[in-house]
There are 2 protein chains.
Amino acid sequence: MSTLARIARLSGFSKATVSRVLNHSPHVSPETREKILAIMKEKDYVPNRNAISLSKGQTQQIGMITMDLNELILRFMNGFVEISGRHGFQTIIYTTGGDKEKELQALEDLKRKRVDALLILTSVNDKNVISSYCKYGPIVSWQRMDHPDIPSVAMNQYDGYALAMEHLIEKGYTRIANAFGRPSSINTRSRRLAYEQIMANNNLPVIEKWYYSSIYRIVDGEQLMQSLMGETDRPDAILCSNDLVAAGVLSEARRQRIDVPRDLAIIGFDNSELSRTLGITTVRNPIAGQAENAFLLMAPALLGRNMELQPLSFSLVKRETT
Amino acid sequence: MSTLARIARLSGFSKATVSRVLNHSPHVSPETREKILAIMKEKDYVPNRNAISLSKGQTQQIGMITMDLNELILRFMNGFVEISGRHGFQTIIYTTGGDKEKELQALEDLKRKRVDALLILTSVNDKNVISSYCKYGPIVSWQRMDHPDIPSVAMNQYDGYALAMEHLIEKGYTRIANAFGRPSSINTRSRRLAYEQIMANNNLPVIEKWYYSSIYRIVDGEQLMQSLMGETDRPDAILCSNDLVAAGVLSEARRQRIDVPRDLAIIGFDNSELSRTLGITTVRNPIAGQAENAFLLMAPALLGRNMELQPLSFSLVKRETT
DNA sequence: TTGAAAGCGTTACCAC
DNA sequence: GTGGTAACGCTTTCAA
């Protein structure tokens, strides 16, 4: 195994000079550089990362914490991996499965300098517990943390929902059902607010009996549609918490011979792969952009320079269900 | 920032003794241990991982290389993360996007001791290039590599396919179409062999005109079903390369008012989340078991002791499409 | 049971 | 431009 010291010995130069070559220092004569590089190549030398990390006090690794992995999380991760890779950082994933202890392990890894920074996608520990680790390195979150030390890149769902609402009303749909996700989450509150305000703006009645919550997956969507079929008074549009739900609603509607979009409009959320294949109108969530911003928020601490966050916005992807 | 040296100074003992406490060495008196532990707690001490890694020459990190992330890969990864975590190893993901250069970076990381071992899920570089890194640490692959130095945990798809075939025949389906994946892959060959042999064993005719290949996704399944509708001579069962394809076939069949499973049986592969929600009969692929075996193959090099691989087998999950 | 000191493989500061 | 050398924070002999 060849080391920097060995290269120094073989080349006749000092370790310092060899190190300079490694780090592209301008204070090395071209001949020296060539000579040393040649020996490195010959001896198949590569610097030991641990030694570098120890010496520099930085590992060039960033940890990503999540309870589980799903399509959305993956899209965020991929975006984050991409930009951090461009800046020379590797990423390591901590899947906690919702276990507080496992999550703490990840936080401890910031303290013990295994990672230089942490990205939280979904967490289970109390925000004050988490924020107590901020002194060891930058921590940025996707989900809102409501803590001054932990910035979040989450977007206000109001805007995305509003886009969908306006589209529906413009198309003439007014009897709108809402399939919400977590009952009292901030996102649900924002979405509900968007629905109510835009209905009011258009002098349309808010129909609370068509509020559904805890609707997350395909089956939930199917069941929702089924229970709707049992009633005489039915909505002419359903705004879904995500694309999975929309897919469930759509497939059940087809099974029930309902003409989509003539008799029922369906809108999903997130613009996932599934919505594309099934042709579901949906709201595009700029996830890669949020991931990028997450890294940019860490940049000052990591790279020593501020970087401008990019402005993000939702957009509507019109397909065959509206 | 407290270091081991500081703890030693404060406690009045040497660094060696403090290190012994850290590593649960039996050669420390209980009182000394207590005293030192108390000071560690008080000073909020945690050992620096880089220093440990450098000193030991091991990082306790394993790299996982993949071109991209999908549900199957994730299941494998989760299984691997789980077992390696139990043995004190963390995992780091290298997503290459099919870029040979990026993949090489990961291999270099084995050389520069950022990771102790590598797990290859999908790779793009030549097996000889990859195997040239074997001298730096254990490399295990999911996909078959056909190289003596790189063991694989892939399973013989013949067995899984045979299970599905026998189930179909037992149920009375004989006019079977096959939706294969990559045209000339080893998996496709095994599956095709299984189909042909089992048909032969039952004195049934092999129908090559119903061989389809390069069928991977939902839309591919839908299209396959559509093209089948145009013909007069139709199969009474379709064996799909994976659950996505089966989902596509199923949804298109429903759209075309075909009675599943009376007029058409559908079997998927992998027992994914989707097959469960849609009620598709499928072949369960013991992915977590394979992931576990992947770690066990590394165990000798990593832990210094041999571990017995567990025997794995496919099984059939019967649902509503057969 | 404990301590002293030599690694581990780099970087970075200070001379020259 | 180049070299000497002290960090970085731990583990691991070898003695005592």
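Computed from a prediction, not measured in an experiment: that's the story for all the values here. (Residues numbered from 1 in each chain as written. Chains lettered and ligands numbered in written order. Predicted model: local features only at pLDDT ≥ 70, side-chain atom pairs only at ≥ 80, totals over all residues. Heavy atoms only, no water.)

To continue, consider the pairing of strand β7 (residues 237-240) of chain B. Residue and element names in this part refer to chain B. Burial along β7 is two-sided: the residues Ala237 and Leu239 and Ile238 and Cys240 are all buried. Inspection of the sheet shows β7 paired to strand β8 (residues 265-270) by three bridges, in the parallel sense. Note on β8: the bridge partner recorded for Leu239 is Ile267. Handedness of the crossover joining β7 and β8 through helix α11 (residues 243-255) is recorded here as right-handed. (Buried < 20%, exposed > 50% of the residue type's maximum accessible area, 1.4 Å probe, protein only. Helix = DSSP H or I, 4+ residues; strand = E, 2+ residues; numbered from the N terminus. Pairing = 2+ DSSP bridges. Right-handed = clockwise from strand over helix to strand, strands pointing away.)

Bringing the sheet that holds β7 of chain B into the picture now. Hydrogen bonds between backbone groups are what pair the strands of a sheet, and the pairing can be parallel or antiparallel. Residue and element names in this part refer to chain B. Pairing within the open sheet is mixed, and its six strands lie in the order β6-β5-β7-β8-β9-β10. In the strand order of this sheet, the two ends are held by β6 (211-212) and β10 (315-317), each with one partner. Where α11 meets the sheet, it contacts β5 (176-179), β7, β8 and β9 (281-284), and its direction lies at approximately 155 degrees from that of β8. (Contact = heavy atoms within 4.5 Å. Axes fitted to C-alpha atoms, helices over the stretch in contact; angles between N-to-C directions.)

Our next topic: the protein's contact with DNA strand C. Around DNA strand C, the surrounding shell holds 26 residues, and the nearest of these are Leu4, Ser19 and Ser55 of chain A together with Arg20 and Thr32 of chain B. Protein-adjacent atoms of DNA strand C, using a 4 Å cutoff, are sugar or phosphate at a proportion of 60%. A distance of 2.9 Å separates a phosphate oxygen of DNA strand C from a polar side-chain atom of Tyr45 of chain A. Here a base oxygen of DNA strand C and a side-chain polar atom of Arg20 of chain B are 2.5 Å apart. (Near = heavy atom within 4 Å. Polar contact = N/O pair within 3.5 Å; in protein donor to acceptor, adjacent residues only side chain to side chain.)

Residues and elements named next belong to chain B. Counting through the fold element by element, Asn293 comes out in helix α13 (residues 287-303). Exposure remark for Asn293: the relative accessible area of 6% places this residue in the buried category. The spacing of Asn293 and Asp159 is 134 residues in sequence and 18 Å in space, taken between C-alpha atoms.

Another point: the UniProt feature "domain: HTH lacI-type" (unreviewed entry) in chain A. Sites flagged by UniProt as "domain: HTH lacI-type" (unreviewed entry) map to residues 2-56 of chain A. In residues 2-56 of chain A, helix accounts for 67% and strand for 0%; the two terminal C-alpha atoms are 21 Å from one another. (UniProt positions renumbered as here; feature names shortened; annotations may be inferred.)

The subject of this paragraph is the interface of chain B and chain A. Each partner contributes residues to the interface: chain B has 42 residues there, and chain A has 42 residues. In this assembly, chain B packs against chain A so that about 3,900 Å² is buried in total across both faces, 52% of it on carbon and sulfur atoms. The largest contributions to the chain B side of the interface with chain A come from Asn50, Arg112 and Arg114 of chain B, which together make up 18% of the buried area. In this structure, Asp44 of chain B engages Lys111 of chain A in a salt bridge whose closest nitrogen and oxygen atoms are separated by 2.6 Å. Taken together, chain B and chain A are joined by 18 residue pairs in polar contact (both at pLDDT 80 or more). Listing elements by their share of the side of chain B that touches chain A, those giving two or more residues are α4 (49-56), α5 (71-86), β2 (90-95), α6 (100-111), α10 (218-229), α11 and α12 (273-278) of chain B. When residues of the side of chain B that touches chain A are assigned to their parent elements, the largest contribution, six residues, is made by β2 of chain B. Residue classes in the side of chain B that touches chain A are distributed as 15 nonpolar, 11 polar and 16 charged. (Buried area = accessible area lost by both parts, 1.4 Å probe. Salt bridge = Lys/Arg side-chain N within 4 Å of Asp/Glu carboxyl O. Nonpolar A, V, L, I, M, F, W, Y, C, P; charged D, E, K, R; others polar.)

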